Amino acid sequence: MTLQQLAGEAGTSASALHRYETGWDRFEVATLRRIAMALGAQLEVRLVAGESPPDGKPSAESLVNTLEPLFWDKRLVADDLASHPAWVLSRVLALGNADQVRAARAFFGDGAIREAINRHGMDARTRRYWNVVLRASPSTQ
């Protein structure tokens, strides 16, 4: 099956499939399900949800260093993690890569993530994705 044929079967574009092939980690679960169906496979959300957060909570300084690239408009400091966790998590959940998200989950816990996704201003697509992930993975804290 060509990329174009698979894209037609899955209801997506060949360029989106190419991004997935090359390691792009920004996706929609619904699209992945359609791709799996077109290939005659099953998709388990647990696999998409990623791994559990790493053992041990990172230090505030370590997390700030990991998340720093996401905060181009304001310098992130350790105090922001305690005083504005929903703001930090909103940015991480919407824009972070897998490593940044894992570190934030380990530091803040899934309870804080649940609070952040229900915060005003979180886009609906990101909220839906994280609701699926949090239902499919073991909770922390």
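Provided above is the structure to which this section pertains.
To keep things clear, this report deals only with the structure shown in the data block. Predicted model, so just to flag it, every value in this text is computed and none were measured. (Residues numbered from 1 in each chain as written. Predicted model: local features only at pLDDT ≥ 70, side-chain atom pairs only at ≥ 80, totals over all residues. Heavy atoms only, no water.)

**Quick word on the pattern of salt bridges**
On inspection of all chains with the given rule, the structure shows four salt bridges. A salt bridge links D73 to R91; the nearest nitrogen and oxygen atoms lie 2.9 Å apart. On the criterion of sequence distance, the pair formed by D73 in the loop between α5 (60-67) and α6 (78-83) and R91 in helix α7 (residues 85-95) is long-range, its members being 18 residues apart. On the basis of relative accessible area, R91 is assigned to the buried category, the value being 13%. D110 serves as the salt-bridge partner of R105, at 3.0 Å between the closest nitrogen and oxygen. Accessibility classification places R105 together with D110 in one group, the buried group. (Salt bridge = Lys/Arg side-chain N within 4 Å of Asp/Glu carboxyl O. Helix = DSSP H or I, 4+ residues; strand = E, 2+ residues; numbered from the N terminus. Buried < 20%, exposed > 50% of the residue type's maximum accessible area, 1.4 Å probe, protein only.)

**Overview of the packing of α5 against helix α8 (residues 98-108)**
Direction vectors running N to C along α5 and α8 enclose 155°, while the axes themselves pass 10 Å from each other. As summarised for this structure, α5 and α8 are arranged roughly antiparallel, according to the angle between their axes. As α5 packs across α8, the resulting crossing turns out to be left-handed. The residues of α8 that touch α5, namely those facing A60, L63, T66 and L67, are D99, Q100, A103, A104, F107 and F108. Looking at the contact of α5 with α8, its residues break down into seven nonpolar, two polar and one charged. (Axes fitted to C-alpha atoms, helices over the stretch in contact; angles between N-to-C directions. Parallel < 35°, antiparallel > 145°, perpendicular 65-115°, else oblique. Left-handed = near helix turned anticlockwise from the far one by under 90°. Contact = heavy atoms within 4.5 Å. Nonpolar A, V, L, I, M, F, W, Y, C, P; charged D, E, K, R; others polar.)

**Describing the packing of aromatic side chains**
Per the stated rule, a full pass over the model turns up three aromatic pairs. One residue, K57, lies across the ring of F107, its end atom 4.7 Å from the ring centre. Positioned above the aromatic ring of W72 is the side chain of R91, whose terminal nitrogen or guanidinium carbon lies 4.7 Å from the ring centre. (Phe/Tyr/Trp six-rings, centres within 6.5 Å; stacked < 30°, edge-to-face > 60°. Lys NZ or Arg CZ within 6 Å of the ring centre and 35° of its normal.)

**A look at the nonpolar core**
If you look at the biggest cluster of nonpolar residues, it comprises 25 residues, and the most contacted ones within it are L67, L81, V88 and F108. Of all the secondary structure elements, the ones that give two or more residues to this core are α5, α7, α8, α9 (110-117) and α10 (124-136). Here this core gets five residues from one element, more than from any other, and that element is α8. Not counting the four nearest positions on each side in its chain, V88 is found in contact with L67, F71, L76, D80, L81 and F108. (Core = buried A, V, L, I, M, F, W, Y, C linked by side-chain atoms within 4.5 Å.)

**A few points about the side chain of D80**
Secondary-structure assignment places D80 in helix α6. Sequence-distant contacts of D80, defined by excluding residues within four places in its chain, comprise K74, R75, P85, W87 and V88.

**With respect to the environment of R114**
Tracing the chain through its elements places R114 in helix α9. Take R114: its relative accessible area is 36%, and that puts it in the partly exposed class. Along the primary structure R114 and N131 are separated by 17 residues, whereas in three dimensions their C-alpha atoms are 7.8 Å apart.

**Here we look at the environment of R33**
Relative to the elements of secondary structure, R33 occurs in helix α3 (residues 29-38). Taking the relative accessible area as the measure of exposure, R33 reaches 38% and is therefore partly exposed. With 10 residues separating them along the chain, R33 and L43 place their C-alpha atoms 5.9 Å apart.

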